[in-house]
Amino acid sequence: EAGVAQSPRYKIIEKRQSVAFWCNPISGHATLYWYQQILGQGPKLLIQFQNNGVVDDSQLPKDRFSAERLKGVDSTLKIQPAKLEDSAVYLCASSFEQGPNQPQHFGDGTRLSIL
Amino acid sequence: GNSVTQMEGPVTLSEEAFLTINCTYTATGYPSLFWYVQYPGEGLQLLLKATKADDKGSNKGFEATYRKETTSFHLEKGSVQVSDSAVYFCALRGTGFQKLVFGTGTRLLVSP
């Protein structure tokens, strides 16, 4: 089966600019996650979708970050405006459903550098 | 809240050496425990998991035992290979639909 697809792989922007990331989960997976992984740290959950509804966005900086999953399949994560501290790898993951023992399958991530 | 503490790296070993990466956790109730591996330039892959006390997860020669009395889930492998060089993350997920919480990761470097 095809894995989780993310694009772009790399993005370099200047602070205060906008950027968007795209994720296509594994076919049939209802649950989609966006994580932020800062260098030297473990991934931190930003937002979790169940189909096209938000389950958890408690750690999403809502003043600058937004995410949507229209039609319950693909998802986009946007940052507007970007700050230096947003430099990180943004990982998308999906799982068949949201049960505690459901394995999460990760994409290769988008590495964002803010100048 | 839930948290995971891993030993700091890098861990540097020669091929065929024994590996232990320590992981301890803080959580209420009975969380599920996971080890993920991240190869350079790639996303995370689930390596193994354990969902209840005394369970042993194993995969590709790696194993870890869920020890509730010591709140630990140490990763072990009897004989490492150069191809095992990667960053290893311990993680837990609380009961119900709680989020996955990761440790900071431990980099393993294996030399021939």
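A. The environment of N52 of chain A, seen in detail. One can find N52 of chain A in the loop between strand 5 (44-50) and strand 6 (53-56). Beyond its immediate chain neighbours, meaning those up to four positions away, N52 of chain A contacts R69, K71 and G72 of chain A.

B. Representation of the nonpolar core in the model. Residue and element names in this part refer to chain B. Core analysis: the largest hydrophobic core is formed by 25 residues, its most contacted members being L19, W35, L48, F73, L75 and Y88. For this core, the secondary-structure elements that each account for two or more residues are strand 2 (11-14), strand 3 (19-21), strand 4 (23-26), strand 5 (32-38), strand 6 (44-50), strand 8 (62-65), strand 10 (86-93) and strand 12 (106-111). With four residues, strand 10 is the largest single contributor of residues to this core.

C. Summary view of the state of the cysteines. Under the counting rule described, the total for this entry stands at two disulfides over all chains. Between the sulfur of C23 of chain A and that of C92 of chain A lies a disulfide, 1.9 Å long from S to S. Taking the sign of the torsion about the S-S bond as the criterion, the disulfide between C23 of chain A and C92 of chain A, at about -70 degrees, is left-handed. In this pair, C23 of chain A is assigned in strand 3 (residues 19-24) and C92 of chain A in strand 9 (residues 88-95), connecting sequence segments 69 residues apart. For the pair C23 of chain A and C92 of chain A, one class covers both residues: buried. One disulfide in the model links C23 of chain B with C90 of chain B; its S-S distance is 2.0 Å. Since a negative S-S torsion denotes a left-handed disulfide, the C23 of chain B-C90 of chain B link at about -70 degrees is left-handed. Placement of the pair is C23 of chain B in strand 4 and C90 of chain B in strand 10, with a sequence separation of 67 residues. In this structure, C23 of chain B and C90 of chain B share a single accessibility class: buried.

D. Geometry of the sheet that holds strand 8 of chain B. All names here are of chain B. Strand order in the open sheet formed by four strands is 3-9-8-7, with antiparallel pairing between adjacent strands. Two strands lie at the open edges of the sheet, namely strand 3 and strand 7 (56-59), each paired on one side alone. Put simply, the sheet's adjacent strands are angled 15 degrees from each other on average, direction ignored. Taken together, the four bridges between strand 7 and strand 8 define a ladder with antiparallel strand orientation. Bridged to S58 within strand 8 is E63.

Parameters and conventions
- Residues numbered from 1 in each chain as written.
- Chains lettered and ligands numbered in written order.
- Predicted model: local features only at pLDDT ≥ 70, side-chain atom pairs only at ≥ 80, totals over all residues.
- Heavy atoms only, no water.
- Helix = DSSP H or I, 4+ residues; strand = E, 2+ residues; numbered from the N terminus.
- Contact = heavy atoms within 4.5 Å.
- Core = buried A, V, L, I, M, F, W, Y, C linked by side-chain atoms within 4.5 Å.
- Buried < 20%, exposed > 50% of the residue type's maximum accessible area, 1.4 Å probe, protein only.
- Disulfide = S-S within 2.5 Å.
- Pairing = 2+ DSSP bridges.
- Axes fitted to C-alpha atoms, helices over the stretch in contact; angles between N-to-C directions.

Any functional reading would require information beyond the geometric quantities listed.
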